[in-house]
Amino acid sequence: MQRVDHSKNIIEVQGISFSYDGKVNVLKSITFAIHSGDYVGLIGPNGAGKTTLLKIMLGLLTPTKGEVRLFGQKINEFKDWYKVGYVPQKATHFDTGFPATVEEVVLMGRYAKRGLFSRTTEEDRKLTREALKQVDMWEYRRRLIGDLSGGQQQRVFIARAIVSQPEVIFLDEPTTGIDRQAQDDFYVLLRKLSGELGLTLVLISHDIKRVTDEVMHIAWIDRTLESYSSPEEYLRMRKEEQTVL
Ligand code: ADP
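It should be emphasised that the depicted structure is a prediction, and the values quoted were computed from it without experimental measurement.

Colleague: I keep staring at the pattern of salt bridges and nothing clicks. Help me out?
Modeller: Two side chains that carry opposite charge are able to pair once their charged atoms sit near each other. Across all of its chains, the model carries 11 salt bridges by this definition. For E67, the salt bridge identified is with R69, shortest N-O distance 3.0 Å. Of the residues examined, R69 reaches a relative accessible area of 26% and is grouped as partly exposed. In this structure, the salt-bridge partner of R110 is D124, at a minimum N-O distance of 2.8 Å. Of this pair, R110 sits in helix α2 (residues 102-114) while D124 sits in helix α3 (residues 122-134), and the two are 14 residues apart along the sequence. Residues R110 and D124 agree in their burial class; the two are buried. Via salt bridges that share partners, D184, R191, R210 and E214 belong to a single interconnected network.

Colleague: Help me out: how do you make sense of the environment of N46 in this one?
Modeller: Position of N46 among the secondary structure elements: in the loop between β3 (39-43) and α1 (50-57). Classification of N46 as exposed rests on a relative accessible area of 80%.

Colleague: Sorry, what's going on with the side chain of R210 here?
Modeller: By secondary structure assignment, the location of R210 is in helix α6 (residues 208-214). Overall, R210 belongs to the buried group, its relative accessible area being 13%. Filtering out sequence-adjacent residues up to four positions away, R210 remains in contact with R180, D184, Y187 and R191.

Colleague: Explain the packing of helix α4 (residues 150-162) against helix α5 (residues 180-195) to me, please; I cannot follow it from the model alone.
Modeller: When two helices pack together, their arrangement is given by the angle between the helix axes and the distance between those axes. The contact between α4 and α5 brings their axes to 10 Å, and the two run at 15 degrees. When the axes of α4 and α5 are compared, the pair comes out roughly parallel. Crossing geometry of α4 relative to α5 is assigned as right-handed. Between α4 and α5, the residues in contact are G151, Q154, R155, I158 and I162 and A182, D185, F186, L189, L190 and L193, respectively. For the contact of α4 with α5, the per-class residue count stands at seven nonpolar, two polar and two charged.

Colleague: Looking at this structure, I do not really get the environment of I11. What am I missing?
Modeller: Note that I11 resides in strand β1 (residues 5-18). Between the C-alpha atoms of I11 and F32, which are 21 residues apart in sequence, the distance is 8.3 Å. Apart from the residues within four sequence positions on either side, I11 is in contact with F32, A33, I34, M57, R69, L70, V168, F170 and V202.

Colleague: Any chance you could explain the pairing of β3 here in plain terms?
Modeller: Successive residues of a regular strand alternate their side chains across the two faces of the sheet. When you tally the buried positions in β3, you get five out of five residues, the bulk of the element. Neither face of β3 is open: one carries Y39, G41 and I43, the other V40 and L42, and all of them are buried. Judged from the four bridges that link them, β3 and strand β8 (residues 200-204) form a sheet pairing that is parallel. If you follow Y39 over to β8, its bridge partner there is L201. As paired elements, β3 and strand β9 (residues 217-222) share four bridges and run parallel to each other.

Colleague: Any chance you could explain the site of the ligand here in plain terms?
Modeller: Neighbouring the ligand are the residues Y20, V26, P45, N46, G47, A48, G49, K50, T51 and T52. Within the side chain of Y20, an N or O atom sits 3.3 Å from a nitrogen atom of the ligand. Between A48 and the ligand, the recorded distance is 3.1 Å, taken from a backbone N or O atom to an oxygen atom. Within the complex, the protein chains bury 53% of what would otherwise be the 560 Å² of accessible surface of the ligand. In terms of residue class, the shell around the ligand is built from four nonpolar, five polar and one charged.

Colleague: What's the story with the nonpolar core in this structure? I'm lost.
Modeller: Soluble globular proteins tend to pack their nonpolar side chains together in the buried interior. In this structure, I158, L171 and L190 are the most contacted members of the largest nonpolar core, which totals 38 residues. Of all the secondary structure elements, the ones that give two or more residues to this core are β3, α2, α3, α4, β7 (168-172), α5, β8 and β9. The element best represented in this core is α4, accounting for six residues. If sequence neighbours within four positions are ignored, L171 has contacts with V87, I158, F186, L190, L201, V202, L203 and I204.

About the criteria used
- Residues numbered from 1 in each chain as written.
- Predicted model: local features only at pLDDT ≥ 70, side-chain atom pairs only at ≥ 80, totals over all residues.
- Heavy atoms only, no water.
- Salt bridge = Lys/Arg side-chain N within 4 Å of Asp/Glu carboxyl O.
- Buried < 20%, exposed > 50% of the residue type's maximum accessible area, 1.4 Å probe, protein only.
- Helix = DSSP H or I, 4+ residues; strand = E, 2+ residues; numbered from the N terminus.
- Contact = heavy atoms within 4.5 Å.
- Axes fitted to C-alpha atoms, helices over the stretch in contact; angles between N-to-C directions.
- Parallel < 35°, antiparallel > 145°, perpendicular 65-115°, else oblique.
- Left-handed = near helix turned anticlockwise from the far one by under 90°.
- Nonpolar A, V, L, I, M, F, W, Y, C, P; charged D, E, K, R; others polar.
- Pairing = 2+ DSSP bridges.
- Near = heavy atom within 4 Å.
- Polar contact = N/O pair within 3.5 Å; in protein donor to acceptor, adjacent residues only side chain to side chain.
- Areas by Shrake-Rupley, 256 points an atom, 1.4 Å probe, with all protein chains shown as cover.
- Core = buried A, V, L, I, M, F, W, Y, C linked by side-chain atoms within 4.5 Å.

If you want it as structure tokens, here you go:
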């Protein structure tokens, strides 16, 4: 069963506008909230501002107007970053010469919680094992990350994100460059993280058809927030729009 705790907002985006050059607004007056246990697809055409919005929600860019709250705290005062996992788009373009094993890559995810120079503990190893099992990559733990396929690497990056026991994971176009079967497996994994672990997921994707089949809510972005709705409502609106045109 999907668990959505509507009493708890994980992310609140309030009146956000953003400009890279101080002139043109890439994002304008965006307001929405994401609840605990929600699974949200951020969709919109290329250049719509999705990645920019994601970076603002991660505190990597500061909005020119408006405010973001994570777990009820203003983002510039937020300190519990271990609660937030991030799987970047570039994960599939991992440098194939990078000499780390799968297990080491996932262990790195533990440093987010405890600091870079802390020693690896038994607990770290146990959680790493559990994370790798969750994503069905335990057998590959001694392999070099660069020797894996894009789909396998992406699963390892999910494991790295979940090993710090976050409550929300942001994923930026996670299926870019991976084959159809690996994409299917990936969505099954996300469903498991959402359904069984109750993780809040925020997924940027251009694959509208696939995303509307998977998520609980669709945030449709095109510089402004065009709508924030259920997938069914989104599809109905798009259909009506096409009928009018
Ligand atoms: P999306 O993720 O929806 O494709 P982006 O957020 O990447 O959209 O980009 C939104 C707009 O901002 C685009 O017009 C893009 O060219 C511009 N943009 C993105 N990154 C930068 C940057 N670092 N500097 C200047 N403009 C940028």
